[in-house]
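Residues per chain are reported as follows:
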Amino acid sequence: MKSLVIYIMVFMFFGSTLMMAQETGHPRIYATNASKSDFLESIKKVAWKQRLVDEKVEKLEKYLKYVENDPTWLVSRLQMNWKTKHDKVFLKGGNFHHSEGNAPVPTVRFSGTRDWATEYSAPKLEDIEPYFDDPRGYYLADKKTKVKEWVHPSKIGHAIEGTNRHIMSLVEDAAFLYWVTGDKKYAEFAKPVYDTYIEGMYYRDAPIDLENGNQQRISGLATFEVIHEKILISLITTYDFLHDYFKQEKLNLDHSAAVFQKWGDQIVNNGIPDNNWNLFQARFLTYVALVLERDNAYKNGKGREYFLDRTFDTSTERQLSINESLLVYDQETGMWPECASYSVHVITTLLNIFTLLDNATNNNELSNFPIIEKAALSSFQYLFPSGYTVGFGDSNHKPLPPENFELLISNYRKYQNEEKEGIISGLLDQMIAKGEYERKADDLFQLFFYVNELKASEKNENGLEKLTSPTFYASNVSMFNQRLGAGNDAMMVSTAGSYGNHSHVNGISMELFANKYVLGPDMGKGSSYWHTDHREYYSRFPAHNTVVVDGISDYNAMRGYHPFKLENYFPEVSVTPTFDKLTYSKVSFFEPKAQADQQRFTAIIKGKASKGYILDVFRSKKQEAGKQRHDYFYHNLGQSLDILDSNSKALQLTATNDFGSKQGDLKAYDYLTDKKKVETSKDVQALFRLRSKGEPDNLMKVWLKGSENQSIYTALAPKANVLKKGGGTAPADVVGDPIQTLIVKRNESAWENPFAMVFNPYFVGEENPISHVGFSNFKENPSTQVINVTLSDNSIDQIILNTTEEDVVEKEGLYQKGLVSVTRKSKGIENLDYFFISGMYKYIQNGWEVFTSGVPVTLSVERLDNTFVIESDGAVVIRAPFLDGKTSAELRVYENSELVATRQGQINRSNPEQLEFRLSKAYSKVLIVF
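Residues numbered from 1 in each chain as written. Predicted model: local features only at pLDDT ≥ 70, side-chain atom pairs only at ≥ 80, totals over all residues. Heavy atoms only, no water.

A.B. asks: Residue-level account of helix H11 (residues 340–361), with values.
C.D. replies: Between the first and last C-alpha of H11 there are 32 Å, a value that for 22 residues agrees with the 32 Å anticipated at 1.5 Å per step. The buried fraction of H11 is high, at 20 of 22 residues. Asn362 sits one or two positions beyond H11 and adopts a positive phi of about 55°. (Helix = DSSP H or I, 4+ residues; strand = E, 2+ residues; numbered from the N terminus. Expected span 1.5 Å × (residues − 1). Buried < 20%, exposed > 50% of the residue type's maximum accessible area, 1.4 Å probe, protein only.)

A.B. asks: Just give me the short version of the pairing of strand E6 (residues 138–142), but keep the residues and values in it.
C.D. replies: Judged by how many residues are buried, E6 sits mostly within the fold: 4 of 5 residues are covered. Inspection of the sheet shows strand E5 (residues 120–121) paired to E6 by 2 bridges, in the antiparallel sense. Looking at the pairing, Ser121 lines up with Ala141 of E6. With 4 bridges connecting them, E6 and strand E7 (residues 148–151) associate as antiparallel partners. Of the residues in E7, the one forming a bridge with Ala141 is Lys148. Taking the residues between adjacent antiparallel strands as the criterion, E6 and E7 are bridged by 5 residues, where Lys146 takes a positive phi near 70°. (Pairing = 2+ DSSP bridges.)

A.B. asks: If you had to explain the sheet that holds strand E2 (residues 88–92) to someone new, which residues and values would you point to?
C.D. replies: Strand order in the open sheet formed by 3 strands is E3-E2-E8, and the pairing between neighbours is mixed. On the outer flanks of this sheet lie strand E3 (95–100) and strand E8 (208–209), each paired with one strand and no other. Here E2 pairs with E3 via 5 bridges, running antiparallel. Looking at E3, one finds that Lys88 is bridged to Glu100.

A.B. asks: Tell me what's going on with the pairing of strand E21 (residues 630–636), and back it up with residues and numbers.
C.D. replies: Counting buried residues in E21 gives 7 out of 7 residues, a clear majority hidden from the surface. Across the two faces of E21 the burial is the same, with His630, Tyr632, Tyr634 and Asn636 and Asp631, Phe633 and His635 all buried. Relative to strand E28 (residues 739–746), E21 runs antiparallel, the two sharing 7 bridges. Bridge pairing links Asp631 to Lys745 in E28.

A.B. asks: Tell me what's going on with the sheet that holds strand E25 (residues 684–690), and back it up with residues and numbers.
C.D. replies: Read from one edge of the open sheet, 8 strands run E17-E18-E19-E20-E29-E26-E25-E22, paired in antiparallel fashion. The outermost strands of the open sheet, each flanked by one partner alone, are strand E17 (565–570) and strand E22 (640–644). On average, each strand axis in the sheet is inclined to that of its neighbour by 15°, with strand direction left out of account. The pairing of strand E18 (residues 582–591) with strand E19 (residues 596–606) spans 10 bridges and is antiparallel. Opposite Tyr584, over in E19, you have Ala603 as the bridge partner. (Axes fitted to C-alpha atoms, helices over the stretch in contact; angles between N-to-C directions.)

A.B. asks: Break down the pattern of salt bridges for me, citing the residues and quoting the values.
C.D. replies: Enumeration according to the criterion identifies 50 salt bridges in this entry. Residues Lys185 and Glu61 are paired through a salt bridge, measuring 3.8 Å at the closest nitrogen-oxygen approach. Remark: Glu61 occurs in helix H3 (residues 47–69) and Lys185 occurs in helix H5 (residues 184–202); sequence separation between them is 124 residues. In this structure, Arg559 engages Asp274 in a salt bridge whose closest nitrogen and oxygen atoms are separated by 2.9 Å. With Arg559 in strand E16 (residues 558–562) and Asp274 in the loop between helix H7 (253–269) and helix H8 (276–291), this residue pair connects regions lying 285 residues apart in the sequence. Residue class for Arg559 comes out partly exposed when judged on its relative accessible area of 30%. What you see here is one network of salt bridges that share partners, running through Asp658, Lys677, Glu679 and Lys745. (Salt bridge = Lys/Arg side-chain N within 4 Å of Asp/Glu carboxyl O.)

A.B. asks: A description of unusual backbone geometry should follow, citing residues and the corresponding values.
C.D. replies: Residue Pro27 is reached from His26 by a cis peptide bond, and omega for that bond is -5°. Here Pro27 lies in the loop between helix H1 (4–21) and helix H2 (36–45). With an omega of -5°, the peptide bond between Phe570 and Pro571 qualifies as cis. Residue position: Pro571 is located in the loop between E17 and E18. If you check the backbone angles, Met558 has positive phi at about 80° while not being a glycine. With respect to the helices and strands, the residue Met558 is situated in strand E16. Residue Met558 is classed as partly exposed on the basis of its relative accessible area of 26%. A positive phi is found at Phe659, a non-glycine position, where the angle reads about 75°. Locating Phe659 in the fold gives a position in the loop between strand E23 (654–655) and strand E24 (673–679).

A.B. asks: Can you lay out the packing of aromatic side chains for me, pointing to particular residues and giving the numbers?
C.D. replies: Tallied over the full model, the rule gives 60 aromatic pairs. When the ring centre of Tyr894 is taken as reference, the NZ or CZ atom of Lys925 above it lies at 4.4 Å. (Phe/Tyr/Trp six-rings, centres within 6.5 Å; stacked < 30°, edge-to-face > 60°. Lys NZ or Arg CZ within 6 Å of the ring centre and 35° of its normal.)

A.B. asks: Can you tell me about the packing of H3 against H5, naming the residues and giving the values?
C.D. replies: Interaxial distance between H3 and H5 falls to 11 Å at its minimum, and their mutual angle equals 65°. Relative to H5, the element H3 lies roughly perpendicular. Relative to H5, H3 is oriented so that their crossing is left-handed. Residues Val57, Leu60, Glu61, Tyr63, Leu64 and Val67 of H3 pack against Lys185, Tyr186 and Phe189 of H5. (Parallel < 35°, antiparallel > 145°, perpendicular 65-115°, else oblique. Left-handed = near helix turned anticlockwise from the far one by under 90°. Contact = heavy atoms within 4.5 Å.)

A.B. asks: Give a description of the confidence of the model for the chain that names residues and reports values.
C.D. replies: In this model, the chain carries an average pLDDT of 94, and 97% of its residues clear a pLDDT of 70 or more. Contacts from residues 1–22, a stretch scored under 50 in pLDDT, to residues over four places away or in other chains number 40 contacts. (pLDDT = per-residue confidence, 0-100.)

A.B. asks: Please provide a residue-by-residue account of the environment of Asn212, values included.
C.D. replies: Checked against the element boundaries, Asn212 lands in the loop between E8 and helix H6 (231–248). By relative accessible area, Asn212 is classed as exposed at 60%. Placed 388 residues apart in sequence, Asn212 and Arg600 show a C-alpha to C-alpha distance of 44 Å.

Have a look at this one:
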């Protein structure tokens, strides 16, 4: 980011540029009269532009006819204090309480409530009673019973603001069409509605919270949150396109300017300065600044320079400048500290702001703030292999906003950055080819600022792969992603803590992608942030794939300050290693309510072919000894869930009333239905079956380690709101269905004897990559987990997992001081296919020995015929057994793919059947050739 001095120079330049530009008059936000002919020509030539204009013409036709028959038809449907003319609004927290006072004109009604969830249906525009203003409230139909009743405005959600916003969007369209066509009918349609609303807001005060609580500092003039004042843009756009007409008709334009100033002041003085709100507010302020004249045109001095300064340069208590806000980004990763859905929306908002600004200055404003471009490209790291975002916190699964890339392209085209334009155009081409995006304009902003045609680019089939990496860590949202495989065999695990804004209470949660879908999803957010289902269930532990302690694990949601600690992982973040057979992470967490330590190890391991599996080992224990309980939750898509024994025969489960607030558990447990259980200490399998029309059954088999004092439960959880119809992370067949839920209850500590699962996805009719999974440990080292996975060709993966890097396990033929080793042996072959060690000080097994110089390393050794390919992140001594009777071998060392050294292995003096090799530092490629 440029220095503040340079930024101020830039600001002074665009400030002066805008002052000169204002002489051109109105319109000037989206276009000018000078650019009108080019715009009209583009409408003729560009089909998607013509389509939006035609849609607006067609949509307005019926309303024009209504107004032709009754000039008051539209204006009378504004939600106003028509009779009372109240000029004062009083709130009680997040609800409208009452209004009072007396203005000389009807005043604008304030919204009914902050909560958008409502049991009542808002009427269509045609069904609204003209000049409605009744002390009894609103006469609306219950959504379920369809019976109408009188209800207070606080019970009807956003119906009031929604109606006014709808009406003003029609007025905005009419203003635009007047500018395009010159037809006065559009201006005459818009004028009385605009004037009535502006005058009604001019004479009405900002709301007052009777409790003088948080609501007092976040309210707008029309809505409960300054970030939802969308009607302001419609008003400003209408003013901009109809300015000359209004002046000719002698409207009091001073009142318009005063309303815009009052709105701008409300936004500057209220809001939240340190999250997405700040930038959503800045977008509104940019519109206010650009539509106003110079400061010296107003007695209060609050014109263009004033609001530009408050937007971009000067921070106030409730409105950080954009210059300061951009420092909130992680400058290294480009991640914004909020959940994915909000983070990508912040990028859209910033691009909107700088596109508007640049349209006024023509000074390539985006180039002064490279973090915005970096954030747009970093957002690909949020994506599952299907191209949809992860769902931690208040997110949902959806593609990245194409608008982000359209606006980057617009900037690149304007300033002849052909290389970058080609890259981003290629990404959009992919989205179009996949049916995820159709080039079109949804609003006037897009109509004016998207380029007419995308630049032809070379087809890049692996665009997503190039912009993502096998692992990615965003510490400012406590998210670690692992990816492995491609196409239908692609797998991903997204691990999340609770850090940053819009986070949930989830401990260490995970989402699991396999077989083309997010088979193990988060549940998303509830009906609204104020609704009981969100507070009690969707934002709490049991709605996530995590472990609950004593049924009470909890802390504050939304503003999360409970990240996990990332302790070990492979490969290095944003690096694609030579060894591509697995990924893993180990994270730790302290659960504050139950005072419990937790640790989660997750790994994706590729099978012999391309299909793979996921390993999950979750440790959990209370810090105080004594009675304790740990519940492992896993939710999976599907219509059925069966528990099978070691012979794959279904176990009989019995209905139960275990769990629930009556037993002292979280209220979230009450949302589980159809609960069944079986008590067993043996290993079992949980089989989830997902059926989709025209597709083979999609199966997830979970191999589950048995334990004493353990019970297995199945249940139905509420629908996953993270899934959206038409989304690519679940089949349409199951969107909205209850979620099949596996719960493993342990009535003792789960630390030395952790929960251990192998997730085994496959399709009916296709080969299952796993034929068996066995769990064991060592008597002398009970916390060490030994997991043997027998693959379909009878080769065996053995995973030996310790609790920490410092742990030691030793038995005949094995010594491991370190975290984890993974070995693969093919059937009937003595030597290994590969072994992988990480967080390792010393390792001895299968004739191999690895020693470090006191620093734990990650190392892989993979056999290719008579050669072993080695990758190491540190200095090591390697002792290799002879291969197939060959007693000599050459070490070949590569750097940047070039051979830099060779040397012969030396016979190990301690073991004459081994060759010893030394690596003095990390190498991405070393060969031992026999």
